[in-house]
Amino acid sequence: MISGIAASRGIGIGSICVIKEHDLSYDAVKIEDVDSEQKRFKDAIEKFKDETTQMAEDIRKRIGPKEAEILEGHLVMMNDPTMSGEMGKMIAAGQCAESAVEAVCDMFIGMFSKMDDDLMKQRASDISDIKVSLLKILLGIEDVDISKVSPGTVLVARDLTPSMTSQINKDNVVGIITEVGGKTSHSAILARALEIPAVLSVPDITGLVKDKDTAIVDGTEGQVYINPEGDILSQYIIRREEYIRKLSELKGFMGKETVTADGISLELFCNIGTPKDAKKAVECDGEGVGLFRSEFLFMDNTRMPTEDEQFAAYREAAQILEGKPVIIRTLDIGGDKDIPYLGMKKEENPFLGYRAVRYCLGNKDSYMIQLRAIMRASAFGKIKIMVPLVTCVEEIRAVKEMVADIKKDFDANGIAYDKDIEVGCMIETASASLIADLLAKESDFFSIGTNDLTQYTMSVDRGNSDVAYLYSTFQPSVLRSIKHIIECGRDAGIPVGMCGEAAADPLMIPLLISFGLTEFSVNPVLVLTARCIISKWTKPEADALAEKVMALATEGEIVSLLKESAKE
Ligand code: PEP
Ligand code: MG
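Below is a summary of the structure that appears in this document. Keep in mind that what you see is a predicted model, and the values were worked out from it rather than measured.

## Notes on the overall build of the protein
Here comes step 1: Counting secondary structure elements, the protein contains 23 helices and 16 strands.
Here comes step 2: In terms of overall dimensions, the protein has C-alpha extents of about 85 × 65 × 45 Å along its principal axes.
Here comes step 3: Per-residue burial over the protein gives 50% buried out of 568 residues.
Here comes step 4: Taking as baseline every contact in the protein between residues at least 6 positions apart, the subset at least 24 positions apart corresponds to 68%.
Here comes step 5: Summed over all atoms, the accessible surface of the protein reaches about 25900 Å², with 53% contributed by carbon and sulfur.

Spelled out as structure tokens, the structure:
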């Protein structure tokens with residue numbers, strides 16, 4: 001078994017076709033006839049643009065607009081005179097077109113690849129693709145025609161350029177293995193869009209295999225087997241069938257309502273960090289946004305985002321969701337999330353310190369800006385305000401007072417907003433759980449943040465691996481806390497959701513159904529899985545299981561029972 005990066009889920013088993021690298025060497029001769037070399041160069045650029053436009057169009061039709069953007073980006077770069085202008089100057093000075101292309105591209109590749117930012121690094125790989133394409137045109141080298149490989153092929157290459165990937169016929173290619181590339185590289189993005197299992201960054205793979213070798217590509221675990229033993233092969237054939245069965249079962253949940261087996265309707269929302277993620281939530285069939293972690297807007301900046309900038313981001317998310325709920329959590333910084341330009345003090349115990357709503361209420365001017373931005377955006381959809389890390393009633397009251405002041409100001413100045421905008425609490429501290437009955441009287445909704453609730457209930461730093469064995473939502477104390485919060489919400493007549501990771505845990509879902517949770521907010525990619533699991537349980541079945549679970553004394557016993565009772 002060889003390990004690499006799990007870049008596109010699924011299991012592919014097939015016969016290898018190695019895509020050989022072309023020899024792109026040339027003689028760097030001094031050019032005498034500069035004019036005809038300039039023409040050769042310009043013709044190559046035109047051919048590059050024509051071919052790239054054609055491929056982008058093809059990808060747009062066969063795969064999707066988002067994926068076509070990669071090649072459209074290459075066109076933008078080649079249409080910008082910076083790069084081609086530099087190349088032209090070198091040719092004018094007597095260099096051949098090949099060496100001008102190589103020198104200028106290498107200079108930009110070197111510059112971008114040194115930058116820390118992932119997007120900039122990606123730009124380096126774009127320019128590397130452009131370089132290879134231009135050199136092939138200048139040297140008259142035709143690309144291997146990947147569209148013609150036989151059915152059941154596993155493609156092995158050093159790297160797959162977008163141009164190669166655009167020719168992949170997903171009926172014939174069952175897996176992809178490359179030597180370079182990571183989870184966010186173009187090959188990974190395109191493999192995922194085509195739903196072909198892919199393992200990338202497998203060292204030396206092109207040298208280790210030959211055409212017609214059998215390969216297993218486990219794109220879920222990031223593992224590759226070459227000419228596997230019979231028993232491994234048969235195990236993987238079974239696993240592949242199981243995976244395909246599950247996948248088609250999940251796809252059947254697209255566009256469906258979220259209901260238990262006995263017809264109780266529940267809400268299934270998504271957790272997002274940026275307006276771009278809001279699109280993902282919709283694509284993944286989320287029924288709303290249960291947690292918009294607004295701090296990402298602040299962390300991706302070198303200064304405080306202005307009211308207008310924040311308003312634009314919140315409005316964009318609300319518009320993308322087209323009237324479905326978008327619960328925006330106000331700034332949750334401190335703890336493990338530092339924002340350098342805020343100049344927060346170093347603390348002995350940051351998780352117990354000046355963070356989230358505590359910081360916001362201590363810095364009301366900036367909090368006011370955020371609340372105003374959220375409330376202005378509420379005119380464009382169904383936005384709700386959620387307050388993180390509440391520990392006492394005074395905090396939610398203080399936020400509501402600020403909201404009331406903003407309403408007065410907006411009314412006086414004719415600024416549009418949703419007059420019924422709801423304000424709710426995240427319940428994620430032991431204190432909030434213990435006073436959930438009191439908080440429920442002051443809140444329009446609750447959302448349980450199990451990531452922190454577990455940390456604060458168990459007194460365990462959620463990022464400390466030495467105590468990770470205690471960090472479990474299945475600890476009896478945490479389960480009791482969750483049950484209690486949901487009951488307090490129900491008694492007060494307010495909806496209770498959950499936006500911590502536990503909301504998507506297949507073992508937790510039956511317990512949450514039994515306790516009466518009404519809204520589950522999960523990572524967009526887990527929407528269909530959660531909907532599928534919810535559909536398998538009836539309330540009486542979930543209740544019977546929960547009763548047994550709540551009588552157990554240890555986390556180990558609870559997890560064993562839940563595993564035994566899990567529905568596949
Ligand atoms: C939580 O604590 O459960 C939560 C959803 O918030 P975060 O993980 O951002 O702290
Ligand atoms: Mg939290």
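## Some details on a positive patch on the surface
Here comes step 1: A cluster of basic residues, K66, K183, R192, K276, K279 and K280, forms a positive patch on the protein surface.
Here comes step 2: The leading source of residues in the positive patch is helix α10 (residues 275–283), at three residues.
Here comes step 3: Relative accessible area serves as the criterion here: at 43%, K279 is assigned to the partly exposed category.

## Focus: the layout of surface pockets
Space left empty within the atom packing is revealed by a probe, the size of a water molecule, rolled over the atoms.
Here comes step 1: Within this model, the second largest pocket holds a volume of roughly 560 Å³.
Here comes step 2: Contributing to the lining of the second largest pocket are 30 residues, with S128, D129, R158, D159 and V180 lying nearest its centre.
Here comes step 3: Contributing elements (two or more residues each) for the lining of the second largest pocket: α4 (97–113), α5 (118–139), α6 (162–166) and α7 (186–194).
Here comes step 4: Counting residues per element, the lining of the second largest pocket draws most heavily on α5, at nine residues.
Here comes step 5: Across the lining of the second largest pocket, the residue classes tally to nine nonpolar, 12 polar and nine charged.

## Description of the coordination of the magnesium ion (ligand 2)
Here comes step 1: Here the magnesium ion (ligand 2) is held by the protein donor atoms E428 (OE) and D452 (OD), which lie 2.1 to 2.2 Å from it. Of this pair, E428 sits in the loop between β13 (422–427) and α16 (430–434) while D452 sits in helix α18 (residues 450–458); the two residues are 24 residues apart in sequence, bridging distant segments of the chain.

## Some words on empty space enclosed by the protein
Here comes step 1: Evaluation of the coordinates by the stated rule reveals one cavity of 30 Å³ or more.
Here comes step 2: In terms of lining, the largest cavity is formed by F298, M304, L331, L342, Y359, C360, N363, S366, Y367 and Q370.
Here comes step 3: When residues of the lining of the largest cavity are traced back to their parent elements, those giving at least two are α13 (356–362) and α14 (364–377).
Here comes step 4: Per-element accounting of the lining of the largest cavity gives the leading share, three residues, to α14.
Here comes step 5: Of the residues belonging to the lining of the largest cavity, the class tally is seven nonpolar, three polar and no charged.

## With respect to helix α23 (residues 555–565)
Here comes step 1: Residues I558, V559, L561 and L562 constitute the buried set of α23. Down the axis of α23, the buried side of the element spans an arc of 165 degrees, and every buried residue falls inside it. Structural note: α23 exposes K563 and E564 on the side pointing more than 90 degrees away from its buried face.
Here comes step 2: Those residues of α23 hidden inside the fold are in contact with α19 (476–492), α20 (509–515) and α22 (539–550).

## Observations regarding the sheet that holds strand β16 (residues 519–522)
Here comes step 1: Taking strand neighbours around the barrel as the criterion, the eight strands line up as β9-β10-β11-β12-β13-β14-β15-β16 in a closed arrangement whose pairing is parallel. Looking at each pair of strands side by side, their axes are set apart by 30 degrees on average, direction ignored.
Here comes step 2: When strand β12 (residues 382–387) meets β13, the two strands line up parallel, connected through four bridges. Of the residues in β13, the one forming a bridge with K384 is E422.
Here comes step 3: Sitting on the sheet, helix α15 (residues 393–413) touches β12 and β13, and the angle it makes with β13 is about 155 degrees.
Here comes step 4: In the packing of α19 onto the sheet, contacts are made with β13, β14 (446–448) and β15 (496–498), and the angle to β14 comes to roughly 170 degrees.

## Observations concerning the sheet that holds strand β7 (residues 214–218)
Sheets are built from strands paired through backbone hydrogen bonds, the pairs being either parallel or antiparallel.
Here comes step 1: With mixed pairing, eight strands are arranged side by side in an open sheet as β1-β8-β7-β3-β4-β5-β6-β2. Edge positions in the open sheet fall to β1 (2–3) and β2 (5–8), since each of these has one partner strand only.
Here comes step 2: Bridging between strand β4 (residues 153–157) and strand β5 (residues 173–178) involves five bridges; their strand directions are parallel. Paired with V156 across the two strands is I177, which belongs to β5.
Here comes step 3: Lying over the sheet, helix α9 (residues 230–251) contacts β3 (11–18), β7 and β8 (223–226), oriented at roughly 120 degrees with respect to β3.

## Regarding the pattern of salt bridges
Here comes step 1: Tallied over the entire structure, the rule returns 37 salt bridges.
Here comes step 2: Between R531 and D285 there is a salt bridge whose closest N-O contact spans 2.7 Å. In this pair, R531 sits in helix α21 (residues 527–536) while D285 sits in the loop between α10 and β10 (289–293), placing the two residues 246 residues apart along the sequence. In this structure, R531 and D285 share a single accessibility class: buried.
Here comes step 3: Here the residues in one salt-bridge network are E295, R329, D332, R355, D452 and R462, joined through shared partners.

The rules behind the values
Residues numbered from 1 in each chain as written. Chains lettered and ligands numbered in written order. Predicted model: local features only at pLDDT ≥ 70, side-chain atom pairs only at ≥ 80, totals over all residues. Heavy atoms only, no water. Helix = DSSP H or I, 4+ residues; strand = E, 2+ residues; numbered from the N terminus. Buried < 20%, exposed > 50% of the residue type's maximum accessible area, 1.4 Å probe, protein only. Contact = heavy atoms within 4.5 Å. Areas by Shrake-Rupley, 256 points an atom, 1.4 Å probe, with all protein chains shown as cover. Patch = residues over 30% accessible without salt bridge, like charges linked within 9 Å, V, L, I, M, F, W, Y side chains within 5 Å. Salt bridge = Lys/Arg side-chain N within 4 Å of Asp/Glu carboxyl O. Lys, Arg positive; Asp, Glu negative; His and termini not counted. Charge placed at Lys NZ, Arg CZ, Asp CG, Glu CD. 1 Å grid on protein atoms, 1.4 Å probe; cavity = no way out; pocket = protein on both sides within 12 Å on 5 of 7 lines; lining within 4 Å. Points joined across faces, edges and corners; volume = space filled by probe spheres on them. Nonpolar A, V, L, I, M, F, W, Y, C, P; charged D, E, K, R; others polar. Donors = N, O, S within 2.8 Å, 3.2 Å for Na, K, Ca; no water. Arc of directions from axis to C-beta. Pairing = 2+ DSSP bridges. Axes fitted to C-alpha atoms, helices over the stretch in contact; angles between N-to-C directions.

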